[in-house]
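For reference, the chains in residue letters:
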Amino acid sequence: MTLETPPAARTCRLCGGSVSEIFDFGRQPVSNAFVKAEDTGREAFHHLAVGICSSCSMVQLSDELPREAMFHEDYPYRSSESALMRQHFEAFAGNLVRTELTGPDPFVVEIGCNDGIMLKTVSDHGVRHLGVDPSRGAAEAAAAKGIDVRVDFFEESVAREIRQAHGRADVIFSANTFSHISYIDSIFRGIDELLADDGLFVFEDRYLGDIVEKNYFDQIYDEHFYLFSLHSVRAMVERFGFELVDAQRLAVHGGAVRYSVARPGARKPGTALPRLFAHERDLGLNDRVKLARFGVNIRRIRHDLVALLTELKGKGFRVAGYGATSKSATVLNYCGIGTDLVECVYDSTPEKQGRLTPGSHLPVVAPERFAEDYPDYVVLFAWNHAEEILAKEQAFTAQGGRWILYVPDVHVLGGGGLAAAA
Ligand code: SAH
Ligand code: TMP
Ligand code: ZN
C-alpha cells in the first residue's frame, strides 16, 4: 500500500509560498506502525522529504499522511515511559498551576495529552481540565489516572463543542503534538474559539536549530510534519491573528522550544525573545548553504553507521538496538539496516514488544531480557534518554558492553579498542 499524495508542486502548507527541498529520505513506513510478524506484507509506505518555504521559512515535509494512518487506537507511543519526561511535565504543570491558574475556576485544555503525563499534575491539584487525543489506547491510559479526556482530533469543530460544554480555557497546552498537525489553520481557528481573551496558548516542540546543529536527522519522520524555528513560528501565529509573547529553550528530546502565544497586546512580550531571534539569525536557519551542509552530514552518518555495523558483524560481534523510537524508523529505513546488522531492539513499551520495527523488521524485546544474553554493542536509538538508559543498564557497560551513537556523528561509548568510529 502507498500512502503518499501525488508529488504536486511543493507549495507551503501554511502560506502557499514555494518550498525548496532540503533532503529526500526516500521510501519510509509509518514510523509508529510496529508490525506483527504475520502482517509484514501489508505495511504502508510513503515518501519522506523535507523542505523549507522561501516565504515564511517553515520547514515541512513534502508528503502528508492521512492523520488516521498515524493516530488511532493502537498508536503505541506512551509519554510516561520516560522518568525524565515525567519530571519535565510535572515541573511545568506545577508552575502553571501556581502562576496562570490562580482564578476562581480555571480550565486547562491539552491538545495531544497522550497518557496524561502533563495533566496528571493538573488533575492532582484539582484544576478543571480536558485532554484531547485521538489515540484511544493512550487516552484510556490517561483516563485510568483520573484525567478527563476526549478521544478526538482537536480541530475547530471540537474546540467549539468544548467551549459550549465547559466554557473558555485559561490555558491551552500542547507538547510534541503541534508539529504533527498539518491542518494547522483549523487548529488555530479552534484555539481562537476556545481561548479566554487573556488566556495563554503554550506549546513546545523539537527545535530546528538543535536538529540542524547536531545532525538530528532522525527527528524527521512522518509525524513531524513541521520542524519549527522561532522565525517560522512567529510567522505562523501572526498569520492566524496571535502574538508570540515568549519562548524558552528546553533540553528535552535533544533540544526543544516552549512557545507562549496570546491574543495581540494581551501579554507583555518576554525579554528573552530578541536574544533568541538573534541567535537564530546567527545560526543561519534560513540559509540554504547551511541546510545543504545538513544534507551532507546526513549522508556521511549513513555511510559511517553502515560501515561500522558491517565491520562489527564481519568481526563476529553481536549488535542490538535500544529504544524502538519513531526516530529509529528514519535511521533504519534510510540506512537500509535490518536483522542482518542489528539483531533486535530493546524497548520498555508493552505495546511495542512482540512486534517488529516498521519497514526494517527488527524484533522489539522487553528490556528485562537484555541481561539474559548481552550483545557486544548496542545502538542507542533513544539517544535523547541516554542518561536514564545508561544508568539503568550500568551492568551492561560494566561487563564491557559498548554503546553506539550516530548523532551528532557516529561514535562508540565505553571501552577502547574498536571504539573509534569507522
Ligand atoms: N504530549 C505528549 C504526547 C506527544 S505524542 C508528549 O509530549 O509526550 C503526540 C500525540 O498527539 C499523540 O498521542 C497523538 O495521538 C496526538 N495527536 C495527533 N493529532 C492530534 C490532534 N489533532 N489533536 C489532539 N491530539 C493529536
Ligand atoms: P522517544 O525518544 O520518542 O521519547 O521514545 C523513547 C522510546 O524508548 C520509547 O519507545 C520508550 C523507550 N525507552 C526505553 O525502552 N527505556 C527507557 O528507559 C526509556 C526512557 C525509554
Ligand atoms: Zn510558507
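Here's what I pulled together on the structure shown here.

1. Quick notes on the environment of Glu156
- Tracing the backbone shows Glu156 in helix α5 (residues 156–166).
- Sequence-wise, Glu156 and Ala262 are 106 residues apart; in three dimensions their C-alpha atoms are separated by 18 Å.
- In contact with Glu156, not counting residues within four places along its chain, are Ser186, Arg189 and Gly190.

2. What to know about the pairing of strand β4 (residues 107–111)
- With respect to burial, β4 is a largely interior element, five of its five residues being buried.
- Across five bridges, β4 lies against strand β5 (residues 128–132) in parallel orientation. Residue pairing in the sheet places Val108 in a bridge with His129 of β5.
- For the crossover that starts at β4, traverses helix α3 (residues 119–124) and ends in the parallel β5, the hand is right-handed.
- Two strands pair when backbone bridges link them, and β4 and strand β7 (residues 169–175) are joined in this way by three bridges, in the parallel orientation.

3. Looking at the site of ligand 2
- Lining the immediate environment of ligand 2, one finds 19 residues, of which Lys327, Asp347, Ser348, Lys352 and Lys392 sit closest.
- A distance of 2.9 Å separates an oxygen atom of ligand 2 from a polar side-chain atom of Asn384.
- Side-chain polar atom of His385 to an oxygen atom of ligand 2: 2.9 Å apart, as the coordinates give it.
- Alone, ligand 2 offers 490 Å² of accessible surface; in the complex the protein occludes 98% of this.
- Among the elements that make up the shell around ligand 2, the one with the highest residue count is helix α12 (residues 386–392) (three residues).
- Here the residues of the shell around ligand 2 sort into five nonpolar, eight polar and six charged.

4. Description of unusual backbone geometry
- Between Val407 and Pro408 the backbone carries a cis peptide bond, its omega angle lying at -5 degrees.
- The topology assignment puts Pro408 in the loop between β16 (402–405) and β17 (411–413).
- Non-glycine residue Ser57 carries a positive phi angle of around 65 degrees.
- Note that Ser57 resides in the loop between β2 (45–53) and β3 (59–61).
- The phi torsion at Asn114 lies on the positive side, around 50 degrees, for a residue other than glycine.
- Its location among the elements puts Asn114 in the loop between β4 and α3.
- Residue Asn114 is classed as buried on the basis of its relative accessible area of 6%.

Rules behind the numbers
Chains are numbered independently. Their residues run from 1 in the order of the written sequence. Working convention: letters from A go to chains and numbers from 1 go to ligands, in the order in which they are written. Under the rules for a predicted model, residues below a pLDDT of 70 receive no local features and side-chain atom pairs below 80 are neither given nor counted, while totals for whole chains, interfaces and linings still include all residues. With hydrogens and water set aside, each side-chain value is computed from the structure's full complement of heavy atoms. The helix and strand labels rest on DSSP assignments: H or I over at least four residues marks a helix, E over at least two residues marks a strand, and numbering proceeds from the N terminus. Here, residues are in contact when the closest pair of their heavy atoms is within 4.5 Å. In this scheme, a residue with accessible area under 20% of its type's maximum is buried, one over 50% is exposed, and one in between is partly exposed, where area comes from a 1.4 Å probe on protein chains only. For two strands to pair, DSSP has to find at least two bridges joining them. The handedness of a crossover follows from its direction of travel: if, with the strands pointing away from the viewer, the path from the first strand over the helix to the second runs clockwise, the crossover is right-handed. The criterion for a residue being near a molecule or strand is simple. One of its heavy atoms has to lie within 4 Å of it. By the criterion applied in these results, polar contacts are pairs of N or O atoms within 3.5 Å in which, for protein atoms, one can donate a hydrogen and the other can accept it, and in which residues neighboring in sequence qualify only through two side-chain atoms. Per-residue and other accessible areas follow the Shrake-Rupley method at a 1.4 Å probe size, with only the shown protein chains counted as cover for residues. Amino acid classes used here: Ala, Val, Leu, Ile, Met, Phe, Trp, Tyr, Cys and Pro are nonpolar; Asp, Glu, Lys and Arg are charged; the rest, including Gly, are polar.

These figures come from the coordinates and say nothing about function on their own.
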